[in-house]
Amino acid sequence: MTTKPTATADTATTGTPVAGTRALRFTAVGGFLFLAVCLVVTGALGLLDAVDGDGADDGFMAAGFWAVGLGAATGAAALINPRKGLVVAEYALGIAGPFLALMD
């Protein structure tokens, strides 16, 4: 006779361990600090391009700022509903901001 495993106090209703949920939320909060650094770097690259570069906007600078902003929205979604994909997307969008600014 086999018995079904029952939910314990350390699992959420979805079956995800609470410790994993806390770790994802902690990583998402850390992502906001990372996004703040990416925002400053993207802004600095924009100023450097305006002074030293051609000064023309090719659209990549705006896309870089949009990527950082969407990373913040994804981070907020990761805090509400912690999923690994959302946290990875938050960091990926943060990295995309300065890289897109470099392409301008």
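Residues numbered from 1 in each chain as written. Predicted model: local features only at pLDDT ≥ 70, side-chain atom pairs only at ≥ 80, totals over all residues. Heavy atoms only, no water.

Trainee: Would you mind going over helix α3 (residues 84-103) in detail, with residue names and values included?
Mentor: In this model, α3 (20 residues) spans 29 Å end to end at C-alpha, consistent with the 28 Å of a helix rising 1.5 Å per residue. Within the span of α3, buried status applies to Val87, Glu90, Gly94, Gly97, Pro98 and Ala101. (Helix = DSSP H or I, 4+ residues; strand = E, 2+ residues; numbered from the N terminus. Expected span 1.5 Å × (residues − 1). Buried < 20%, exposed > 50% of the residue type's maximum accessible area, 1.4 Å probe, protein only.)

Trainee: Please provide a residue-by-residue account of the packing of helix α2 (residues 60-80) against α3, values included.
Mentor: In the contact formed by α2 and α3, the axes pass within 7 Å of each other and the chain directions differ by 165°. Compared by their axis directions, α2 and α3 come out roughly antiparallel. For the pair α2 and α3, the sense of crossing is left-handed. Residues Phe60, Met61, Ala63, Gly64, Ala67, Val68, Leu70, Gly71, Thr74, Gly75, Ala77 and Ala78 of α2 touch α3, and the partners they reach there are Leu86, Val87, Ala89, Glu90, Leu93, Gly94, Ala96, Gly97, Leu100, Ala101 and Met103. Class assignment of the residues belonging to the contact of α2 with α3 gives a composition of 16 nonpolar, 6 polar and 1 charged. (Axes fitted to C-alpha atoms, helices over the stretch in contact; angles between N-to-C directions. Parallel < 35°, antiparallel > 145°, perpendicular 65-115°, else oblique. Left-handed = near helix turned anticlockwise from the far one by under 90°. Contact = heavy atoms within 4.5 Å. Nonpolar A, V, L, I, M, F, W, Y, C, P; charged D, E, K, R; others polar.)

Trainee: Break down α2 for me, with residues and values.
Mentor: Along an α-helix, a turn takes 3.6 residues, which lines up residues three or four apart on a common side. With 21 residues, α2 extends 30 Å between its outermost C-alpha atoms, agreeing within 8% with the 30 Å of an ideal straight helix rising 1.5 Å per residue. Of all the positions in α2, only Met61, Gly64, Ala67, Val68, Gly71, Thr74, Gly75 and Ala78 are classed as buried. The buried residues of α2 occupy an angular sector of 135° when the element is viewed end-on, so they sit on one face. Summarising the geometry of α2, the exposed residues directed more than 90 degrees from the buried face are Trp66 and Ile80. (Arc of directions from axis to C-beta.)

Trainee: Explain the environment of alanine 36 to me, and be specific about the residues and the numbers.
Mentor: Looking at where alanine 36 falls in the secondary structure, it is placed in helix α1 (residues 18-51). Sequence separation between alanine 36 and alanine 72 is 36 residues, and the spatial gap between their C-alpha atoms is 9.1 Å.

Trainee: I'd like a description of the environment of alanine 56, backed by residues and values.
Mentor: Along the chain, alanine 56 falls in the loop between α1 and α2. Since its relative accessible area comes to 36%, alanine 56 is described here as partly exposed. With 48 residues separating them along the chain, alanine 56 and aspartate 104 place their C-alpha atoms 8.4 Å apart. Excluding anything up to four places from it in sequence, alanine 56 contacts Asp49 and Asp104.

Trainee: Explain the environment of proline 82 to me, using residue names and the numbers behind them.
Mentor: Summarising the element assignment, proline 82 is placed in the loop between α2 and α3. Spatially, the C-alpha atom of proline 82 lies 9.8 Å from that of phenylalanine 26, the residues being 56 residues apart in sequence.

Trainee: Please set out the side chain of threonine 74 residue by residue, giving values where relevant.
Mentor: Structurally, threonine 74 can be placed in helix α2. For threonine 74, a relative accessible area of 14% puts it in the buried group. Looking at threonine 74, its side chain comes within polar contact range of the main-chain oxygen of leucine 70, at 2.8 Å. Setting aside residues up to four positions removed in sequence, threonine 74 forms contacts with Leu86, Ala89, Glu90 and Leu93. (Polar contact = N/O pair within 3.5 Å; in protein donor to acceptor, adjacent residues only side chain to side chain.)

In short, shape yes, function no, at least from these values alone.
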